[in-house]
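So you can see what is in the structure, the chains are spelled out below.
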Amino acid sequence: MKSVLIIDDELSVREGLTKHINWRKLDVFIIGTATNGQEALTMMEDQVPDIMITDIYMPEMDGLTLIKEVKQKYPDICIIIHSGYNHFDNARKAIQYGVKHFFLKPSPVSEIETVIQEVLQDMESEEKQQSILEKYREQRPIYLTYRRDTFIRSLLFNRYETKDLTAESKELIGTDAETPQIVTSIMINRPPYLRTSHERDWQLMKFSVGNILSETIDYFNEEKDMMIHLIDYSDSTYVMVAFFPGNAIYLEQLHDKLVNKMLENLLYYLKVSAMIGVSSTKSTLHQLADGYSESMQALEVAEYEEWNKVYHYQETKDKGSSDVFTYPFETIKEIHGKIADKDYDELLAIWHRFVNGLSEEKYSPFYMIQTISINILSALMMEDHSLEHVDQQPIEKSSLLIEVYNHNTTKELLDWTTVQLMKWVEHSKEALAGKKTSKLVERVKEHIHHYYDEEITLAEIADTLYVNRNYLSQLFKKVTGETFVNYLNHYRITKAKELLKEKRYMVYEVSEMVGYQNSTYFSQVFKAITGVSPSEYF
């Protein structure tokens, strides 16, 4: 319940506002009345109101002086000015102090209550925005961590060109494009007693492994100024990317000490075995994909060797050059592209060519096929999430990733993955036919209806819905028959016409109330849609 303080030097006005306004209905209570500004300030020392209704011309301290004092001492108080018609222009000087609400005296009770309701709505809107801002501040570190993780994953699987690496993306990972770097793949040995029937225990163990790795990195790197990012890549693998500006040799030395300490801590604290594959040192961000490939190739060669050891690509590449299975980066990249482009037939064609080609490979380690299946399934689920998140009915698919480990042969796993891919394609085609995507459009409309009086862009809405901006734009036009901007302008002008009919606002006020900061542009849009200018519409 909000509180109000009434200030006016006329007793009849104070009593009229106190007795005739339905404060109970407005959910507002009066904390008192004052005859001038000085008396009001004294009262505020004991109790600060949420709303202040004040006259302009009063003895001892006038309303404008009071407003200036209140804005300095109590900036959160919402102020309403009530003034006689002859003095109302002077009252507008209060606009420079942030006052937005006025009413003439005498005014009908209904008009006064309408102004108070507008104030309450503004206060509610401000409180909501503050709440959103606070949540944003709380969640921003988590969001930045997620973005950084996503971006580094993208760098590991895609070969970027210089033009693709924006200043923002470089800032996200905290380094320049030309920085020495090493990519490390850490494979954990899943004990036989933690197989399918003990999945929860294994996930707890893996979570503990991630904590040990992170703590080792933090402790080791306290004074060494390396930039290290650890990514939980798959059910049994972590990928680490380490940067050290300007000194590749020192990076290699520090990195060797770090990875050996990781192995030592995993054995000591968790009794977990692991093997680590280390790439050669790369010089630019564009080579992260090469680094990841090398780190995985080092593990492939080491697959039949001992655990709890670090394997460097430079030492293993000759040994494995004739029979090492090369991770199909380009094929996986193509598949990701077809998923994003919704080119489902070509997606299946690429996958079938890949599966058929595997039979010709001499060396296809089973764990690598598991990694590829997980990669594809994760991409499908991320694409699904962009649609199903909007429906607020997310389909639980994490069990599919677990089920990957229930298959014991390459053929069995590939056949199962093919079935999952074909099911997903069928489901996605239905979604594109309109069974789900129309809900996206409804969410866009709801956003416009709620926030038309603010600055709105389709890109921002797309971000909140976790969908691609261009896709959302095309979908909106397909479903509604008009562009997003056209729909937004028509809705705003409809609201503007309603406000203009009330004949209580100036054109520039209506312009701001419906989301146009430039009143000239507002008038142009208004005339283009209605055929007349706002002033002619009165």
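One can find the structure itself at the top, above this paragraph.
Model, not experiment: these values are computed from the prediction. (Residues numbered from 1 in each chain as written. Predicted model: local features only at pLDDT ≥ 70, side-chain atom pairs only at ≥ 80, totals over all residues. Heavy atoms only, no water.)

The next subject is the overall build of the protein chain. Across its full length, the protein chain carries 23 helices and ten strands. Residue burial in the protein chain is summarised as follows: out of 538 residues, 46% are buried. Across the protein chain, the fraction of contacts at a sequence separation of at least 24, relative to all contacts at a separation of at least 6, is 69%. Looking at the protein chain as shown, the accessible area adds up to about 28,600 Å², and 49% of this sits on carbon and sulfur atoms. (Helix = DSSP H or I, 4+ residues; strand = E, 2+ residues; numbered from the N terminus. Buried < 20%, exposed > 50% of the residue type's maximum accessible area, 1.4 Å probe, protein only. Contact = heavy atoms within 4.5 Å. Areas by Shrake-Rupley, 256 points an atom, 1.4 Å probe, with all protein chains shown as cover.)

So, about the packing of helix α8 (residues 199-220) against helix α9 (residues 248-270). Interaxial distance between α8 and α9 falls to 9 Å at its minimum, and their mutual angle equals 140°. In terms of axis orientation, α8 runs oblique to α9. Crossing hand, α8 versus α9: right-handed. Contacts from Met 205, Ser 208, Val 209, Ile 212, Leu 213, Thr 216, Ile 217 and Phe 220 of α8 reach α9 at Leu 254, Lys 257, Leu 258, Lys 261, Met 262, Asn 265, Leu 266, Tyr 269 and Leu 270. Looking at the contact of α8 with α9 residue by residue, the classes come out as twelve nonpolar, three polar and two charged. (Axes fitted to C-alpha atoms, helices over the stretch in contact; angles between N-to-C directions. Parallel < 35°, antiparallel > 145°, perpendicular 65-115°, else oblique. Left-handed = near helix turned anticlockwise from the far one by under 90°. Nonpolar A, V, L, I, M, F, W, Y, C, P; charged D, E, K, R; others polar.)

As a further point, take helix α18 (residues 458-465). Because the α-helix completes a turn every 3.6 residues, residues three or four places apart line up on one side. Residues of α18 that are buried include every one of Leu 458, Ile 461, Ala 462 and Leu 465, and no others. Axial view of α18: buried residues confined to an arc of 100°, hence all on one face. Tyr 466 lies just past α18 and shows a positive phi near 60°. (Arc of directions from axis to C-beta.)

It is worth spelling out unusual backbone geometry at this point. Of note in the backbone geometry, Asp 27 takes a positive phi value of approximately 60° without being a glycine. We note that Glu 60 has phi near 70°; this positive angle belongs to a residue other than glycine. Locating Glu 60 in the fold gives a position in the loop between β3 (51-54) and α4 (63-73). On the accessibility criterion, Glu 60 (73% relative accessible area) is exposed.

Our next topic: the nonpolar core. Leu 156, Leu 288, Tyr 292, Tyr 327, Trp 351, Ile 372 and Ile 376 are the most contacted members of the largest nonpolar core, which totals 53 residues. In terms of residues, this core owes the most to one element, helix α14 (residues 366-391), which gives nine residues. Residues contacting Tyr 292, with those up to four places away along its chain left out, are Leu 156, Phe 157, Val 183, Ser 185, Tyr 233, Val 239 and Phe 329. Leu 465, Leu 475, Tyr 487 and Tyr 516 belong to the second largest nonpolar core, which has 30 residues in total. (Core = buried A, V, L, I, M, F, W, Y, C linked by side-chain atoms within 4.5 Å.)

Working definition: the strands of a sheet are paired by backbone hydrogen bonds and lie parallel or antiparallel to each other. Reading across the sheet, the five strands line up as β7-β8-β6-β9-β10 and stay open at both edges, with mixed pairing between neighbours. With one partner strand each, in any of the chains shown, β7 (227-234) and β10 (309-312) form the two edges of the open sheet. Taken over all neighbouring pairs, the strand axes of this sheet differ in orientation by 20° on average, direction set aside. Here β7 pairs with strand β8 (residues 237-243) via seven bridges, running antiparallel. Bridging from a neighbouring strand, Ser 234 pairs with Thr 237 of β8. Those strands touched by helix α6 (residues 109-157) are β6 (181-188), β7 and β8, and its axis lies near 80° from that of β7. In the packing of α8 onto the sheet, contacts are made with β6, β7 and β8, and the angle to β7 comes to roughly 170°. (Pairing = 2+ DSSP bridges.)

Our focus in this paragraph is the pairing of β7. Counting buried residues along β7, six of its eight residues qualify, which places the element largely inside the surrounding structure. As consecutive antiparallel partners, β7 and β8 are separated by two residues.

Okay, a negative patch on the surface next. A cluster of acidic residues, Glu 215, Asp 218, Glu 222, Glu 223 and Asp 225, forms a negative patch at the surface. Positionally, Asp 225 belongs in the loop between α8 and β7. (Patch = residues over 30% accessible without salt bridge, like charges linked within 9 Å, V, L, I, M, F, W, Y side chains within 5 Å. Salt bridge = Lys/Arg side-chain N within 4 Å of Asp/Glu carboxyl O. Lys, Arg positive; Asp, Glu negative; His and termini not counted. Charge placed at Lys NZ, Arg CZ, Asp CG, Glu CD.)

The next thing to look at is the pattern of salt bridges. Going through the model one piece at a time under the given rule, you end up with eleven salt bridges. Between Glu 118 and Arg 504 there is a salt bridge whose closest N-O contact spans 3.1 Å. Taken together, the residues span a long stretch of sequence, with Glu 118 in helix α6 and Arg 504 in the loop between α20 (484-501) and α21 (507-513) at a distance of 386 residues. Close ionic contact of Glu 502 with Arg 504 constitutes a salt bridge, the shortest N to O distance being 2.9 Å. Residue Glu 502 is classed as partly exposed on the basis of its relative accessible area of 38%. Here the salt bridges share partners, and the residues they tie into one network are Glu 118, Glu 502 and Arg 504.

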